[in-house]
Each structure stands twice: as structure tokens, then as C-alpha cells.
Amino acid sequence: MIKKYTKTSFFIILLAGQFFTFNFVSAQSGYDFLTSWKADGFVPAWYEGKILPSRGSRVSISFELINNGKISDLSNTVVRWYINDNLVKNENDGLGIKKYLFTVTDYPGNNTEVRIALPDYKGQSLNKIIQIPVVNPEVVIESPAFSLNNISKTAIFKANPFFFNVKIINNLSFQWTANGQATGIYKGSNILDFNVDPKVGLNSQINLKVIAKNLLNEMEFANKEIQFKLK
């Protein structure tokens, strides 16, 4: 069965797909850093793009130093980690540290800057800077048809949340309204069984809105609104 999504959902997928899990960036003197980072935000099971962090997300980041196609041994090397130019881990925590886990404190619209510094690797100073974009949580309404021009008086809509700081969808609540009137508040269910009052005429304009909220953090929410006509 082919899933049907709004243009907004495709936009999110394309945007997130711009951030690859791995990337090669030339370092000084022929060395390359192979870096990888992963955020733990919630996305639908079918989503295959990069999970972007929102404020409060935990991000794990790791690297390897590559020289002539081979992984360099850093077991006896000083590695220093900086978050937004603040030193967060250094040789006092051990040598050859190639992984770091942190919580994002930046606000949406900003980047969290991670710098990996090797102050003395075989007589050279090597640095790598990674910019991690911070976003707002999003919610996208999945409609029962490719076109929103004609929706029947009974239809099923689905809210797809992205980048919330929860582990399971049951930690989110969903409130739906149609033309400003509540159509139901669901906890643990993002599905709306849409039924219009029989008095509402055909070709009537409907403004359908959903608000998704994090039940564990009242400051984290997102909303989406779509318009369609009844057939």
C-alpha cells in the first residue's frame, strides 16, 4: 500500500536528508576526519532521513582519523572535545577518546558547534569542526488523499510527529480542531476519525488543526493546520 503524505512531510524528509551520517572533510597535512553523529529524537517508524536534534535532545558523536585510507591509532593521543568553544572533555578523562555524548542546550534555528582537537598528533595540530543544526519539533498531518481539494465527510487523518524528545508516541498528546471546534483529544493516539456534522454542506471549507504536546515537557509542542473542501 502506498502511503500518502502532505508536501510538508516531503519537505522535512528532503531537508533532513541533507545531513549525512558520515562525511569526509580534509584536515591538515593529508589527514581526514570521518565523523558521525546521531540524535535521539522521536520520528515515525517509516522515516529514513536524518534525525535532527531539538533543544534537550541527546546527541552522540564519534570520529576516526584517516590517513591514506587507513584508520589511525589514537590510543596514546590527546583528544580534546569542545562544545560551542567550551572544553568539555580532555586528557584528564583519558587518551584517545573518540566518542562523546551530550545534551543540546542551543535553541532552534541555531547550530551546536562541536570541535575535536588533536593538539599534538605526530607533531601536528589537527582540528575538526562539526555544525549540528537545532530544530523545533514538528508535526505533519497525513491526509487520506493526494489532493486536499475533496475530502469526504468521514475520513481518517494521522498526525506524524518529528524530533520530539520522547521515546514512544504514548508520551505525546494530540488535540484536533475543525474550524476552531474540538474534535477530540487523544493521548497515545495520533489518529483522527473525522466525522462532520450532517448539517455541514458539501464544498464547505474545513480548517483542520492538530497540536502535538510532549506530556513530559509542557514547553515542547508543535502544531499544523491544513485546509480542504468537503465532497
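Structural data are supplied above this passage.
Rules of the game
- Residues numbered from 1 in each chain as written.
- Predicted model: local features only at pLDDT ≥ 70, side-chain atom pairs only at ≥ 80, totals over all residues.
- Heavy atoms only, no water.
- Helix = DSSP H or I, 4+ residues; strand = E, 2+ residues; numbered from the N terminus.
- Polar contact = N/O pair within 3.5 Å; in protein donor to acceptor, adjacent residues only side chain to side chain.
- Contact = heavy atoms within 4.5 Å.
- Phe/Tyr/Trp six-rings, centres within 6.5 Å; stacked < 30°, edge-to-face > 60°.
- Buried < 20%, exposed > 50% of the residue type's maximum accessible area, 1.4 Å probe, protein only.
- Lys NZ or Arg CZ within 6 Å of the ring centre and 35° of its normal.
- Core = buried A, V, L, I, M, F, W, Y, C linked by side-chain atoms within 4.5 Å.
- 1 Å grid on protein atoms, 1.4 Å probe; cavity = no way out; pocket = protein on both sides within 12 Å on 5 of 7 lines; lining within 4 Å.
- Points joined across faces, edges and corners; volume = space filled by probe spheres on them.
- Pairing = 2+ DSSP bridges.
- Axes fitted to C-alpha atoms, helices over the stretch in contact; angles between N-to-C directions.

Visitor: I'd like a description of the side chain of N190, backed by residues and values.
Guide: When you line up the elements, N190 lands in the loop between β13 (181–187) and β14 (191–195). At 2.6 Å, the side chain of N190 and the backbone oxygen of A159 are in polar contact. Once you skip the residues sitting within four places of it in the chain, N190 turns out to touch F157, K158, A159, P161, I169, F174 and W176.

Visitor: Any details on the packing of aromatic side chains? Residues and values, ideally.
Guide: Applying the stated criterion across every chain yields a total of 12 aromatic pairs. Considering the side-chain rings of Y100 and F102, the 6.1 Å spacing of their centres and the 15° angle between planes classify their relative orientation as stacked. Of the two residues, Y100 and F102, neither departs from the other in class, the shared state being buried. Taken together, a centroid distance of 5.6 Å and an interplanar angle of 90° make the contact between F157 and F194 edge-to-face. Placement of F157 in strand β11 (residues 154–162) and of F194 in strand β14 is noted, with a sequence separation of 37 residues between them. Take F194: its relative accessible area is 3%, and that puts it in the buried class. Sitting over the ring of W37, K50 keeps its end group 4.2 Å from the ring centre.

Visitor: Outline the nonpolar core, listing residues and values.
Guide: W81, F102 and L118 are the most contacted members of the largest nonpolar core, which totals 31 residues. Elements with a contribution of two residues or more to this core: β2 (31–39), β3 (58–67), β5 (80–83), β7 (99–103), β8 (111–121) and β9 (124–133). Discounting chain neighbours no more than four positions away, the residues touching F102 are S57, R58, V59, I61, I83, T112, V114 and I132. Among the nonpolar cores identified, the runner-up in size contains 24 residues, and I141, V166, F194 and A222 belong to it.

Visitor: Would you mind going over the layout of surface pockets in detail, with residue names and values included?
Guide: In this structure, the largest pocket encloses a volume near 280 Å³. If you go around the largest pocket, the residues you meet are S54, R55, G56, Y107, P108, N136, P137, N217, M219, E220, F221 and A222.

Visitor: Help me get a handle on unusual backbone geometry, residues and values and all.
Guide: A negative phi holds for most residues other than glycine; trans holds for most peptide bonds. A positive phi is found at N84, a non-glycine position, where the angle reads about 50°. One can find N84 in the loop between β5 and β6 (86–89). Phi angles above zero are rare outside glycine, and N179 is one such case at about 55°. Within the secondary structure, N179 sits in the loop between β12 (172–178) and β13.

Visitor: Account for the environment of V43, with residues named and values stated.
Guide: Structurally, the position occupied by V43 is in the loop between β2 and β3. Judged by its relative accessible area of 15%, V43 is buried. Sequence separation between V43 and I168 is 125 residues; the distance between their C-alpha atoms is 9.4 Å. Sequence-distant contacts of V43, defined by excluding residues within four places in its chain, comprise I51, P161, F162 and F163.

Visitor: Break down the sheet that holds β8 for me, with residues and values.
Guide: Spatially, 4 strands are ordered β6-β5-β8-β9 in an open sheet, and the strand pairing comes out antiparallel. The two strands at the open ends of the sheet, each matched to only one other strand, are β6 and β9. Strand-to-strand twist of the sheet, defined as the mean angle between neighbouring strand axes without regard to direction, takes the value 25°.

Visitor: Any details on the pairing of β6? Residues and values, ideally.
Guide: Relative to β6, β5 runs antiparallel, the two being bridged by 3 bridges. Along β6, the bridge assignment pairs W81 with K89. Here β5 folds back onto β6 in antiparallel fashion, the turn holding 2 residues, of which N84 has a positive phi close to 50°.

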